[in-house]
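# Summary of the model geometry
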Amino acid sequence: MSFFKRLKDKLIGNPTEEEKLAEIIEEEAAEQKQDEATEPAQIEAIVDENEKAEEVSVTEATSETEIPVASEDQEQQEQQEEVQEVAIVEEPVKEKKPSAWSITQKFKTGLEKTRNSFTSKVNDLVARYRKVDEDFFEELEDLLLQADVGFETVMELMDKLRFEVQRKNIKDTSGIQTIISEKLVEIYEQGEEDLIELNMQPKGELTVILFVGVNGVGKTTTIGKLAHRLKSQGKTVVLAAGDTFRAGAIDQLQVWGDRVGCEVIKQSEGSDPAAVMYDAIRAAKNRNADVLICDTAGRLQNKVNLMNELEKVHRVISREVPNAPHEVLLALDATTGQNALVQAQTFKEATNVTGIVLTKLDGTAKGGIVLAIRNKLHIPVKFVGLGEKMDDLQPFDAERYVYGLFADGLDKELQNSED
């Protein structure tokens, strides 16, 4: 299936679903406008009603003829109307599930810096070269390396592109971005499926997720956002404040726990992290929690004692919960580029990292690091941080990611293909 076909299926599905999606978008926009105007209008209506009631009472008081104030039926009807008005004002707004299109837009917006620096240069390259020749490939290779796609990934991509150009006898550069996108997705996925799915245990069993990573990568913030995501799915989540080394780390996790509505199991600063994990597992079991998310200290990769401590935490967890931790997620800062690869390699040696959470992807112009991590370390990127909002932590999707990189050029090519 072509890249465009897969992307279109994810975004809008078949024609009938496309119509439904358009209706949903229109309804959401209409409801938003209505919500903005409802409260002032209702308050004004209530004020007008009260003013009318006061005018009636004044008229009755000054009237020489005794007139009944109102019948019992009229009073009940007015009371019911007031209750209905108040109910409308106080009715909570139901949280809508994000549409496929809105999720794709998050990737497009989050990768704007990379697209502006990298893809704009690709567009210029395509515009300057009418023909696909060796000079074109060499310049494209340099651009990919500048975006931190990684040497091995770039070499593999260039081999695939040369073969595809030769096989299809492609002479000009029109449509070349589509081929690049398809090959990048192929390189990332490598025939594997469901890479982004968390290893959640069956209902009634505790799932333990261990977070690792150096200081400053946004690990604690990511834990809070993931807890929010799991809670919105109806799961009971407990947090373990295992970062007892960094000053303020426990308080920071407690703030996120209060914000999301999750209990935080903690000890005093400087406590043994393994002891915190032991207490947290016991507490999570006693509360019949679905998920326990464990924070750890930001261990520097050149500190052997800290890595040994991480291995100790891993042993305690696996002893208390068989086959746990079920996920070991490594938080990496996308803005660090190739240095993130070094961190990932070191943590992979210290513990069995099952997935990457790439934070601050919206803040870097070198978003190609996603491909380098996957191709060199064979560790899937399970989540990416695309902004500061609570729901900006998104499961990684190869098609949406590549679309975010080449959105402008792909939109033009798609429009041309449909015309």
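Quick look at the nonpolar core now. Among the nonpolar cores identified, the biggest contains 83 residues, and F136, L140, L292, I317, L358, F396 and Y401 are the most heavily contacted of them. When residues of this core are assigned to their parent elements, the largest contribution, 7 residues, is made by helix α8 (residues 176-189). In this structure L140 touches V122, L125, M158, L161 and I180, once residues within four positions along its chain are discounted. In this structure, L226, A227, F383 and L393 belong to the second largest nonpolar core, which totals 23 residues.

Glancing now at the pairing of strand β7 (residues 381-385). Summarising burial for β7: 5 of the 5 residues are buried, a large majority. Each parallel crossover has a hand, and for strand β6 (residues 355-359) linked through helix α14 (residues 369-377) to β7 it is right-handed. As judged from the 3 bridges shared by β7 and strand β8 (residues 393-395), these two strands associate in the antiparallel manner. Looking at the pairing, V384 lines up with Q394 of β8.

As for its placement among the helices and strands, E152 is situated in helix α7 (residues 151-167). Sequence separation between E152 and K376 is 224 residues; the distance between their C-alpha atoms is 7.3 Å. When near neighbours in sequence (up to four residues on either side) are disregarded, E152 contacts N375 and K376.

Along strand β2 (residues 237-241), 5 of the 5 residues are buried, which leaves the element largely enclosed by surrounding structure. Every second residue of β2 is oriented toward a common face, with V237, L239 and A241 on one face and V238 and A240 on the other, all of them buried. Bridge count between β2 and strand β4 (residues 291-295): 5 bridges; the pairing is parallel. Residue pairing for β4: L239 is matched across the bridge by I293.

A few words now on the packing of α7 against α8. At a closest axis distance of 10 Å, the pairing of α7 and α8 adopts a crossing angle of 130°. As far as their axial angle goes, α8 and α7 are oblique. Pair α7 / α8 crosses with right-handed handedness. Seen from α7, the contacting residues are T153, E156, L157, K160, L161, E164 and V165; seen from α8, they are I176, I179, I180, K183, L184, E186 and I187. Of the residues belonging to the contact of α7 with α8, the class tally is 8 nonpolar, 1 polar and 5 charged.

Here helix α11 (residues 273-286) spans 20 Å end to end across 14 residues, near enough to the 20 Å set by a 1.5 Å rise per residue. Where α11 terminates, the next one or two residues include N288, which has phi positive at roughly 55°.

Relative to the assigned elements, T222 resides in helix α9 (residues 219-232). Residues in contact with T222, not counting those within four places in the same chain, are F211, V357, T359 and L393.

This model, assessed by the stated rule, comprises 17 salt bridges. Close ionic contact of E320 with R319 constitutes a salt bridge, the shortest N to O distance being 3.5 Å. A relative accessible area of 58% places R319 in the exposed class. In this structure, a network of salt bridges that share partners links the residues E164, R167, K168, K183 and E186.

Here the residue pair A324 and P325 is connected by a cis peptide bond, since its omega of -5° sits within 30 degrees of zero. Note that P325 resides in the loop between α12 (304-320) and β5 (327-333). The backbone of K360 shows a phi angle near 55°, a positive value even though the residue is not glycine. You can see K360 is positioned in the loop between β6 and α14. According to the relative accessible area criterion, K360 is partly exposed, its value standing at 33%. The backbone of H378 sits at a positive phi, close to 55°, despite the residue not being glycine. Mapping H378 onto the fold places it in the loop between α14 and β7.

Let's shift gears to helix α10 (residues 249-260). In a regular helix each residue adds 1.5 Å, so 12 residues correspond to 16 Å; α10 covers 17 Å between its end C-alpha atoms and thus fits that length. Within α10, the full set of buried residues consists of A249, I250, L253, Q254, W256, G257 and V260. In a view along the axis of α10, the buried residues occupy a sector of 160°, so they form one face of it. Within α10, the exposed residues directed more than 90 degrees away from the buried face are D251, V255, D258 and R259. Considering only its buried residues, α10 is in contact with α9, β2, β3 (263-265) and β4. In the stretch just after α10, G261 is the one whose phi turns positive, near 95°.

Our focus in this paragraph is the sheet that holds β5. In space, the 8 strands of this open sheet follow the order β3-β2-β4-β1-β5-β6-β7-β8, with mixed pairing throughout. Both outer strands of the open sheet, β3 and β8, are each paired with one neighbouring strand and no more. The mean inter-strand angle of the sheet, taken between neighbouring strand axes irrespective of direction, is 25°. Taken together, the 5 bridges between β5 and β6 define a ladder with parallel strand orientation. Looking at β6, one finds that D333 is bridged to T359. Contacts between α10 and the sheet are confined to β2, β3 and β4, with β2 contributing the most and set at about 170° to the helix.

A separate point is the side chain of T207. Here T207 lies in strand β1 (residues 207-212). Of note is the side chain of T207, whose polar atom sits 2.9 Å from the backbone nitrogen of Q201. With sequence-adjacent residues up to four places away left out, T207 is seen in contact with N199, M200, Q201, D290, V291, L292 and H326.

Calculation criteria
Residues numbered from 1 in each chain as written. Predicted model: local features only at pLDDT ≥ 70, side-chain atom pairs only at ≥ 80, totals over all residues. Heavy atoms only, no water. Core = buried A, V, L, I, M, F, W, Y, C linked by side-chain atoms within 4.5 Å. Buried < 20%, exposed > 50% of the residue type's maximum accessible area, 1.4 Å probe, protein only. Helix = DSSP H or I, 4+ residues; strand = E, 2+ residues; numbered from the N terminus. Contact = heavy atoms within 4.5 Å. Right-handed = clockwise from strand over helix to strand, strands pointing away. Pairing = 2+ DSSP bridges. Axes fitted to C-alpha atoms, helices over the stretch in contact; angles between N-to-C directions. Parallel < 35°, antiparallel > 145°, perpendicular 65-115°, else oblique. Left-handed = near helix turned anticlockwise from the far one by under 90°. Nonpolar A, V, L, I, M, F, W, Y, C, P; charged D, E, K, R; others polar. Expected span 1.5 Å × (residues − 1). Salt bridge = Lys/Arg side-chain N within 4 Å of Asp/Glu carboxyl O. Arc of directions from axis to C-beta. Polar contact = N/O pair within 3.5 Å; in protein donor to acceptor, adjacent residues only side chain to side chain.

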